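Tertiary structure, described
If you want the building blocks of each chain, they are given just below.
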Amino acid sequence: MNGRGRVLVVAALLATAAGCGRRTTLSTSGSDSTSAISSDSVAILARDVQAQWEGGSPEDGASLSAALLNAEFGRRPPEQWDDRAHALLDSLSIGAELASGPCIEVANFFARANPDGGSWPYLFWCGDKRPHSQEIDGRGLHLVAVATASMGAPAPVAIRIPFAPKPAPAAPKGAAAVAVLFAHRAGGGSQPLVMTWWHAHRDDPWMLAQTLGADSLGGVGTGEFTVGDTLTLVTRTYQPSRGFDECATCPHVYRTHRFRWRGQGFTRIEDQRVTSPYATFVLYIAALAANDHDAAMRYVTDPDLIDRANHLDWGRPKGSWRVAPETDETASHMVFFRGPSETYRVDFVQDGGDWKITNFEPTTRSIE
């Protein structure tokens, strides 16, 4: 029997055994043979899980790992699921990222021997009589956090850790909803990605309702769920700056994006630039390149600085800009390289809620 067949057979056995096992805990008869069957089956499945991961079959290993967790969850109350998942998977050396919520557990399985070789996320939840599990979208992504809500409820719960989003399919009021925050590894770092699902009944499978990727969340950076009157998704991300060479650890022009979770998905409520000296310089160069004198004036303390920059041809493409190595994006003095030979020291001062350029001078390029 192949790996998938074994998954179906063993998972079906465990689902039945786990259900009977939970009933016997309410009995006063003292013992039940189904408890022994459940324990033995779990032990057999645990060995099979390890064999699949060690044998280089990660997809089957993930399926079996999900069946194993589902069986274990069927023998415990939901408030113990997260602790049990950590303990069991650690004991079997199974790689997984875990996040939990009320009657919800998300496990993102991966091979410890090859953590960059892919991942397989599964969602576990309470049914009327027993827990259920379902593989969800998000293969190859990193799990960051999970949040849960009821459609139409005023205060969702966050758990630890194109401009307008695509409309979600209709869901009845009161349907359960879950949002999962992932991170996608990209060339410049990690990009946050959020997916939401809903279902109308506890025993129903979950339906994908909404996906927010780099276009909506702003590109490379971080994201988190925060809780106030409503649940909010907050991302701090950046896109590459035109005309600048920016390494992954270099300063960037960051933007903060906020989305409120209401109804059937997230809607944008705020989008603003994070102020910094580096961002001021990038926007100043962009204004010079566009020959926009009024825009350039917003970033300097003295109009003479615009004439000086034009005299140096800062508004013309003469090589990419890059900041000197190990420069902090909030430093009040920065050294910028331009092309193969030009080097400038730029001074900044904080003015209100933003930064402005107070002076710049050519300098010697002593570091690369």
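Residues numbered from 1 in each chain as written. Predicted model: local features only at pLDDT ≥ 70, side-chain atom pairs only at ≥ 80, totals over all residues. Heavy atoms only, no water.

1. Comments concerning the overall build of the protein chain
Regarding its fold elements, the protein chain presents 8 helices and 17 strands. Here the protein chain, with 368 residues, has 47% of them falling under the buried criterion. Of the roughly 17,700 Å² that the protein chain leaves accessible, carbon and sulfur atoms contribute 51%. (Helix = DSSP H or I, 4+ residues; strand = E, 2+ residues; numbered from the N terminus. Buried < 20%, exposed > 50% of the residue type's maximum accessible area, 1.4 Å probe, protein only. Areas by Shrake-Rupley, 256 points an atom, 1.4 Å probe, with all protein chains shown as cover.)

2. A closer look at unusual backbone geometry
One non-glycine residue with positive phi stands out, namely Cys103, at about 60°. Its location among the elements puts Cys103 in the loop between strand E1 (95-101) and strand E2 (104-110). Residue class for Cys103 comes out partly exposed when judged on its relative accessible area of 27%. Residues other than glycine seldom take positive phi values, yet Glu326 does so here, at roughly 60°. Mapping Glu326 onto the fold places it in the loop between strand E14 (321-323) and strand E15 (333-338). Assessed through its relative accessible area of 85%, Glu326 is described here as exposed.

3. Here's the deal with the environment of Leu98
Note that Leu98 resides in strand E1. With relative accessibility at 13%, the residue Leu98 sits in the buried group. Between the C-alpha atom of Leu98 and that of Ala85, which follows or precedes it by 13 residues, the distance is 8.0 Å.

4. Some words on the layout of surface pockets
Space inside the second largest pocket adds up to approximately 270 Å³. In terms of lining residues, the second largest pocket is bounded by 17 residues, among which Arg242, Gly243, Ile285, Ala289 and Pro317 are the most central. Residue contributions to the lining of the second largest pocket peak at 5 residues, all from helix H6 (residues 277-289). Residue classes in the lining of the second largest pocket are distributed as 9 nonpolar, 4 polar and 4 charged. (1 Å grid on protein atoms, 1.4 Å probe; cavity = no way out; pocket = protein on both sides within 12 Å on 5 of 7 lines; lining within 4 Å. Points joined across faces, edges and corners; volume = space filled by probe spheres on them. Nonpolar A, V, L, I, M, F, W, Y, C, P; charged D, E, K, R; others polar.)

5. A word on the state of the cysteines
Under the counting rule described, the total for this entry stands at 2 disulfides. Each sulfur in the disulfide pair Cys247 and Cys250 lies 2.1 Å from the other. On the sign convention where negative is left-handed, the bridge of Cys247 and Cys250, at about 100° about the S-S bond, is right-handed. Take Cys247: its relative accessible area is 36%, and that puts it in the partly exposed class. Judged by relative accessible area, Cys250 falls into the buried class, the value being 18%. (Disulfide = S-S within 2.5 Å.)

6. Side note on the pattern of salt bridges
Side-chain pairs of opposite charge can arise whenever the charged atoms involved come near each other. In this structure the tally under the stated criterion is 18 salt bridges. Close ionic contact of Arg139 with Glu135 constitutes a salt bridge, the shortest N to O distance being 2.9 Å. A relative accessible area of 44% means that Arg139 is categorised as partly exposed. By relative accessible area, which is 31% here, Glu135 ends up partly exposed. Between Arg258 and Glu270 there is a salt bridge, and its shortest N-O distance comes to 2.6 Å. Highlighted residues: Arg258 in strand E12 (residues 254-262) and Glu270 in strand E13 (residues 265-273), separated in sequence by 12 residues. Among the ionic contacts, a cluster of salt bridges with common partners joins Glu72, Arg75, Arg76 and Arg84. (Salt bridge = Lys/Arg side-chain N within 4 Å of Asp/Glu carboxyl O.)

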